[in-house]
Amino acid sequence: MNEELLVLGGSNGEHLAIELSSIGAFELGSLEVRKFPDGETYVRVLTKVDGRTVVYINSLQRNVNEAIFETILTIDALRDLGAKEVIAVIPYMSYARQDARFNPGEAISIYTLAKMFKAVKIDHLITIDMHLHRISNPSDLFGANFHNITGVRELAKYFERTHDIENTVVIGPDEEAEQWAKVMSEELNGLEYAVLKKTRITAEKVVIETGGVNVAGKNVIIVDDIISTGGTIIEAVKALKELGAREIMVGAVHPLLIGNAYNRLLRLRLKDLVGTNTILSPISKVSVAPAIYSELITILSI
Ligand code: R5P
């Protein structure tokens, strides 16, 4: 066991902290997180952190704003209690899509969130498939060595293990998803990949154009970073079926599955629907713990 290193999980990260501590034989510490009667958040660090490297894991989701405040309180306490080094693992970074002022007067939420992280001082920030489209220097923004790793390789390993992927095309449902389609294709021995074109009408409604993709008579793996309302996947599946796709599988890193998204997706009768455990959901069949571990040992040179 690495005596100096301690792994701690917040309310949305304990499952990953437990798995990471097993993979790396790291000590698993404990936190107490509860509410005061008036709704304020109470955090207490129950394991000695003084002089130690602490890996703190929490996803900023479900009760998003609660999760953010719990995370900031915990990291600040870790610092205050004398942790030598704090490595924050934020598997799902919320607010990343509000990375610009799309309409006059809007708050640029990810900038504000990053300022909070900067204020509590972390040494390294590991996150997974975060939207970084308009953020050119995330290390500066968050005031920490920034590591944006991918969960798509773990999804690809799952598909390879559990399905026959002959005669299969990898599809990204929009242009931004090309990066994930490419990684999935690389991991699956260079399967052909293509992307569709998406226009977002409202938060829940999108229009998908397929352009020239050829999926007739082929199986498809659709890969995306997030399933939120499910609108993107639903429209992509409809369009691909119209083009004659055979069986369709879907893999997404962050299964937010807002509202009735899960049931709407079940109605599509997909061959498989899988997400990772950056967020616990009914489709979180793939763990990102091995990807986090591998980044961690690179950072720590162990
Ligand atoms: C957006 O650009 C992302 O890559 C996802 O495609 C999007 O967040 C999915 O959202 P929804 O499930 O609501 O269509």
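Coordinates for the structure precede this section.
On a predicted model such as this, the values are computed, not experimentally measured, just so you know. (Residues numbered from 1 in each chain as written. Predicted model: local features only at pLDDT ≥ 70, side-chain atom pairs only at ≥ 80, totals over all residues. Heavy atoms only, no water.)

## Considerations on helix α6 (residues 178-187)
Point 1. When α6 is considered as a whole, its buried residues turn out to be Trp 180, Ala 181, Val 183, Met 184 and Ser 185.
Point 2. Tucked into the core, α6 has its buried residues touching α5 (152-162), β9 (168-172), β10 (193-195) and β13 (219-227).
Point 3. Following α6 by one or two positions, Asn 189 adopts a phi angle in the positive range, close to 55°. (Buried < 20%, exposed > 50% of the residue type's maximum accessible area, 1.4 Å probe, protein only. Helix = DSSP H or I, 4+ residues; strand = E, 2+ residues; numbered from the N terminus. Contact = heavy atoms within 4.5 Å.)

## A look at the sheet that holds strand β14 (residues 248-255)
Two pairing modes exist for strands in a sheet, parallel and antiparallel, and in both the strands are linked by backbone hydrogen bonds.
Point 1. In spatial order, the strands read β10-β9-β13-β14-β15-β16; together these six strands make up an open sheet with parallel pairing. In this open sheet, the two edge strands, each paired with only one partner strand, are β10 and β16 (284-286). If you compare each strand with its neighbour and ignore which way they point, the axes differ by 35° on average.
Point 2. Summarising the sheet, β14 and strand β15 (residues 272-276) pair through four bridges and their orientation is parallel. When the bridges of β15 are listed, Met 249 appears paired with Asp 272. (Pairing = 2+ DSSP bridges. Axes fitted to C-alpha atoms, helices over the stretch in contact; angles between N-to-C directions.)

## Regarding empty space enclosed by the protein
Remark: the empty space left among the atoms is shown by a probe the size of a water molecule rolled over them.
Point 1. Per the counting criterion, the structure on display carries one cavity of 30 Å³ or more.
Point 2. Space inside the largest cavity adds up to approximately 60 Å³.
Point 3. In this structure, the largest cavity is lined by Tyr 92, Met 93, Ala 96, Arg 97, Thr 127, Ile 128, Asp 129, Met 130, His 131, Asp 225, Ile 226 and His 254.
Point 4. Every element with two or more residues in the lining of the largest cavity is listed here: β7 (124-128) and β13.
Point 5. Looking at side-chain class alone, the lining of the largest cavity contains six nonpolar, three polar and three charged residues. (1 Å grid on protein atoms, 1.4 Å probe; cavity = no way out; pocket = protein on both sides within 12 Å on 5 of 7 lines; lining within 4 Å. Points joined across faces, edges and corners; volume = space filled by probe spheres on them. Nonpolar A, V, L, I, M, F, W, Y, C, P; charged D, E, K, R; others polar.)

## Comments concerning the site of the ligand
Point 1. For the ligand, the set of nearby residues contains 15 residues, the closest of which are Asp 224, Asp 225, Ser 228, Thr 229 and Thr 232.
Point 2. A distance of 3.0 Å separates an oxygen atom of the ligand from a polar atom in the side chain of Arg 97.
Point 3. Taking Thr 229, its side chain carries an N or O atom lying 2.6 Å from an oxygen atom of the ligand.
Point 4. When isolated, the ligand has an accessible area of 370 Å², and the protein chains bury 94% of it.
Point 5. Taken atom by atom, the bulk of the ligand overlaps the largest pocket.
Point 6. Counting only elements with at least two residues in the shell around the ligand, the list comes to β11 (197-200), β13 and α7 (231-242).
Point 7. The element contributing the most residues to the shell around the ligand is β13, with four residues.
Point 8. Grouping the amino acids of the shell around the ligand by side-chain chemistry returns two nonpolar, six polar and seven charged. (Near = heavy atom within 4 Å. Polar contact = N/O pair within 3.5 Å; in protein donor to acceptor, adjacent residues only side chain to side chain. Areas by Shrake-Rupley, 256 points an atom, 1.4 Å probe, with all protein chains shown as cover. Sits in = over half its atoms within 2 Å of the grid points.)

## Considerations on the layout of surface pockets
Point 1. By volume, the largest pocket amounts to about 900 Å³.
Point 2. In terms of lining residues, the largest pocket is bounded by 32 residues, among which Arg 97, His 131, Arg 200, Ile 226 and Ser 228 are the most central.
Point 3. Those elements that provide at least two residues to the lining of the largest pocket are β11, β13 and α7.
Point 4. Residue contributions to the lining of the largest pocket peak at four residues, all from β13.
Point 5. Residues of the lining of the largest pocket, tallied by class, amount to 12 nonpolar, 10 polar and 10 charged.
Point 6. Looking at which domains feed residues into the lining of the largest pocket, each of domain 1 (2-150 + 288-300) and domain 2 (152-277) gives three or more.
Point 7. In terms of lining residues, the second largest pocket is bounded by 17 residues, among which Asp 129, Asn 148, Ile 149, Thr 150 and Arg 153 are the most central.
Point 8. The element contributing the most residues to the lining of the second largest pocket is helix α9 (residues 289-300), with four residues.
Point 9. For the lining of the second largest pocket, the class distribution of residues is seven nonpolar, six polar and four charged.
Point 10. If you count residues domain by domain, the lining of the second largest pocket takes at least three from each of domain 1 (2-150 + 288-300) and domain 2 (152-277). (Domains from an automatic or database assignment.)

## A closer look at unusual backbone geometry
Point 1. Even without glycine at this site, Arg 269 takes up a positive phi of about 50°.
Point 2. Within the secondary structure layout, Arg 269 lies in the loop between α8 (261-266) and β15.
Point 3. Taking relative accessible area as the criterion, Arg 269 reaches 74% and is therefore assigned exposed.
Point 4. Residues other than glycine seldom take positive phi values, yet Ser 301 does so here, at roughly 50°.
Point 5. Mapped onto the secondary structure, Ser 301 falls in the segment after α9.

## Digging into the packing of aromatic side chains
Point 1. Scanning the model with the defined rule gives five aromatic pairs in all.
Point 2. Residues Phe 142 and Phe 146 carry aromatic rings whose centres are separated by 5.4 Å and whose planes lie at 25° to one another, so their mutual orientation is stacked. For the pair Phe 142 and Phe 146, one class covers both residues: buried.
Point 3. An aromatic cluster of three or more residues is present, and its members are Phe 117, Phe 142 and Phe 146. (Phe/Tyr/Trp six-rings, centres within 6.5 Å; stacked < 30°, edge-to-face > 60°.)

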